[in-house]
Amino acid sequence: MKKILALNLKMNFNYQEVIDYVQELKGELKNKNVILFPPTIFLPYFIGNEYPFGAQNISEFDNGAHTGEISCTQLKSIGGTYTIIGHSERRKDQHEEDGTLNLRIKKALENGLKVVYCIGETKEERDMLKTTKILKSEIVNGLAGIKPTDLKNVIIAYEPIWSIGTGVIPTNKEIASTTAFIIDTAVNILNYKPRVLYGGSVNEKNIAELNKIANVSGFLVGGASLDVKKVLKMKETIER
Ligand code: PGA
């Protein structure tokens, strides 16, 4: 299966920068394995390109009186096919918890969207040797009550929070063993074998080394996704 490169643009870019970015990507991403997650306000500028795109978050409600949210049907109506759910920045800034995330994942799957579900431990949790405990609870609670046939559309992104935007990355051996733990946990408890992405300070320079980790199915990239040249270099590396 093709490796995935999921690009989380976060809350970056203004109007003109988005126009330039989309223009520069034109014709370069034909393999459908690079997924774009633009800021909500700029989602429509990603319509009609050859690559899949999605939202950085989605509401657990259908439609209606939910100020500031976007619904699955709205996203689908412009051709979006993916959503990130549970990114650590939203868990922290918006106090999103596994219970709500579980409802959002269910709503997204009901609507035929594919989900990138983010899990990961803080520096303190890691220092206290709680990484596996945290990951297990995020897997079990976030994905509770979802049938294995639906879970096929959930990709798990393992993002150690201490690695996001910091340039500090776990060793390949650590990532491989944490990924193995995530896969085993999902197989044993939920009866599904997830694809697991690694996220946290991935860039065009370190991706070749990270790409050697056998059980990692791709990458979720923040900072380095803002530069099209870096994106194309990363894409080329994982497709080699
Ligand atoms: P980063 O962000 O690549 O800038 O570390 C990754 C993420 O938050 O998904």
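In every chain, residue numbers begin from 1 and rise along the written sequence. Restriction of local features to residues with pLDDT of at least 70 applies here, the model being predicted, together with a cutoff of 80 or more for giving and counting side-chain atom pairs; totals for whole chains, interfaces and linings are based on all residues. Side-chain descriptors were evaluated using all non-hydrogen atoms of the structure, hydrogens and water having been removed beforehand.

Colleague: I tried to follow helix α10 (residues 228-239) on my own but got confused; where do I start?
Modeller: Since the α-helix packs 3.6 residues into each turn, any two residues three or four apart lie on the same face. Helix and strand labels come from DSSP, where a helix needs a run of H or I of at least four residues and a strand needs a run of E of at least two; each type is numbered from the N terminus. Helix span is expected to be 1.5 Å times the residue number reduced by one. The terminal C-alpha atoms of α10 lie 16 Å apart, and with 12 residues this matches the ideal 16 Å at 1.5 Å per residue to within 8%. Throughout, exposure labels follow a simple rule: accessible area from a 1.4 Å probe, protein chains only, divided by the maximum for the residue type, with under 20% read as buried, over 50% as exposed, and the rest as partly exposed. For α10, the full list of buried residues reads Val228, Val231, Met234, Lys235, Thr237 and Ile238. Should any heavy atoms of two residues lie within 4.5 Å, those residues are considered in contact. Each element contacted by the buried residues of α10 is listed here: β1 (4-8), α1 (15-25), β2 (34-37), α9 (207-210) and β8 (218-221). Polar contacts here mean pairs of N or O atoms no more than 3.5 Å apart (in protein, one a potential hydrogen donor and the other a potential acceptor; neighbouring residues in sequence count only if both atoms are side-chain atoms). Regarding α10, its N-cap is Asp227, as a side-chain oxygen of that residue lies 2.9 Å from the backbone nitrogen of Lys229 further along.

Colleague: Any chance you could explain the site of the ligand here in plain terms?
Modeller: Near, as used in this document, describes a residue that has one of its heavy atoms within 4 Å of the molecule or strand being considered. Taken together, the residues surrounding the ligand are Asn8, Lys10, His87, Glu159, Ile164, Gly165, Gly200, Ser201, Leu220, Val221, Gly222 and Gly223. The separation between an oxygen atom of the ligand and a polar main-chain atom of Gly165 is 2.6 Å. A distance of 2.8 Å separates an oxygen atom of the ligand from a polar backbone atom of Gly223. Compared with its free state, where it exposes 280 Å², the ligand has 95% of that area covered by protein. Residues are sorted three ways: Asp, Glu, Lys and Arg are charged, Ala, Val, Leu, Ile, Met, Phe, Trp, Tyr, Cys and Pro are nonpolar, and all the rest, Gly among them, are polar. Here the residues of the shell around the ligand are counted per class, giving 3 nonpolar, 7 polar and 2 charged. To measure how exposed things are, a 1.4 Å probe is used in the Shrake-Rupley method; for residues, cover is taken only from the protein chains shown.

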